[in-house]
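# Structural characterization, general
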Amino acid sequence: MRAVVQTVERARVTVDDEVVGAIENGLLVLLGVTHTDTAETAATMARKVHELRILDDERSAADVGAPILVVSQFTLYGDARKGRRPSWTAAAPAEVAEPLVNAVVQALRDRGAKVETGRFRTHMLVESTNTGPKTILLDL
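Residues numbered from 1 in each chain as written. Predicted model: local features only at pLDDT ≥ 70, side-chain atom pairs only at ≥ 80, totals over all residues. Heavy atoms only, no water.

### Some thoughts on the overall build of the protein
Across its full length, the protein carries 3 helices and 5 strands. Ordered by position from N to C terminus, the α and β elements of the protein give β-β-α-α-β-α-β-β. Over its C-alpha trace the protein gives a radius of gyration of 14 Å, about what one expects of a compact globule, namely 14 Å for 140 residues. Dimensions of the protein along its principal axes, counting C-alpha atoms only, are 40 × 35 × 25 Å. Within the protein, the fraction of its 140 residues that count as buried is 42%. Contacts in the protein between residues at least 24 apart in sequence constitute 75% of all its contacts with a sequence separation of at least 6. Just so you have it, the protein exposes about 7,900 Å², and 47% of that area is on carbon and sulfur atoms. The average position of the 17 basic charges and that of the 19 acidic charges among the side chains of the protein differ by 5 Å. (Helix = DSSP H or I, 4+ residues; strand = E, 2+ residues; numbered from the N terminus. Rg over C-alpha atoms; globule rule 2.2 N^0.38 Å. Buried < 20%, exposed > 50% of the residue type's maximum accessible area, 1.4 Å probe, protein only. Contact = heavy atoms within 4.5 Å. Areas by Shrake-Rupley, 256 points an atom, 1.4 Å probe, with all protein chains shown as cover. Lys, Arg positive; Asp, Glu negative; His and termini not counted. Charge placed at Lys NZ, Arg CZ, Asp CG, Glu CD.)

As structure tokens, then:
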């Protein structure tokens, strides 16, 4: 599992002109799933995201109650080492990835996090205003 975590002043996801998820002063998490990921991987990723000390004064979303917007992002497993057209073979298929993305979201909520999401298997418009900017790659 791979995540790009960014501190944001605001972020939102729009699908077909409808805002499906939006946050202010929190974390935007672009989340990719690979073939070997499991429910344990999802739980570990949720803990790492929630406790990541990336906010001001080295605090975490868990410390300050910052909201989290999770957006599935299979392209995090794109491989462009050969040629100009990325290969997506390392990305888990949707039927494997969707339950694991949902497991990360649920694990975050179980930890007390306020979580918004994108919408799986749709064309999403993701907008964000980064702060810092602070961007971390978590690769489990």
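### Some thoughts on the pattern of salt bridges
Where side chains of opposite charge bring their charged atoms close, a pairing between them can arise. Inspection of every chain in the model, using the stated rule, returns 10 salt bridges. A salt bridge links Glu127 to Arg12; the shortest N-O distance between them is 2.8 Å. Residue Glu127 is located in strand E5 (residues 125-139), and its partner Arg12 is located in strand E1 (residues 2-15); the two are separated by 115 residues in the primary sequence. Using a relative accessible area of 37% as the deciding quantity, one classes Arg12 as partly exposed. (Salt bridge = Lys/Arg side-chain N within 4 Å of Asp/Glu carboxyl O.)

### Structural notes on the side chain of Thr14
Along the polypeptide, Thr14 turns up in strand E1. The residues contacting Thr14, other than those within four sequence positions of it, are Val19, His123, Met124, Leu125 and Glu127.

### Brief notes about the sheet that holds strand E4 (residues 115-117)
Overall, mixed pairing links the 5 strands, which are arranged E4-E3-E2-E1-E5 in an open sheet. Each edge of the open sheet is held by one strand with a lone partner, namely E4 and E5. The average undirected angle you get between the axes of adjacent strands in this sheet is 35 degrees. Note that strand E3 (residues 68-72) and E4 share 3 bridges and pair parallel. (Pairing = 2+ DSSP bridges. Axes fitted to C-alpha atoms, helices over the stretch in contact; angles between N-to-C directions.)

### Quick word on the environment of Ala11
Within the element layout of this structure, Ala11 appears in strand E1. For Ala11, a relative accessible area of 3% gives the class buried. The spatial distance from the C-alpha of Ala11 to the C-alpha of Glu127 is 5.5 Å, given a sequence separation of 116 residues.

### Here we look at the nonpolar core
Leu31, Val49, Ile68, Val70 and Leu108 are the most contacted members of the largest nonpolar core, which totals 30 residues. Listing elements by their share of this core, those giving two or more residues are E1, strand E2 (18-32), helix H1 (39-51), E3 and helix H3 (94-110). For this core, the element with the highest residue contribution is H3, accounting for 7 residues. For Ile68, the residues in contact, after removing those within four places along its chain, are Ile23, Leu27, Val29, Val49, His50, Ala61, Leu108, Ala113, Lys114, Val115 and Glu116. Formed by 13 residues, the second largest nonpolar core is a distinct cluster that contains Val8, Val20, Leu28 and Met124. (Core = buried A, V, L, I, M, F, W, Y, C linked by side-chain atoms within 4.5 Å.)

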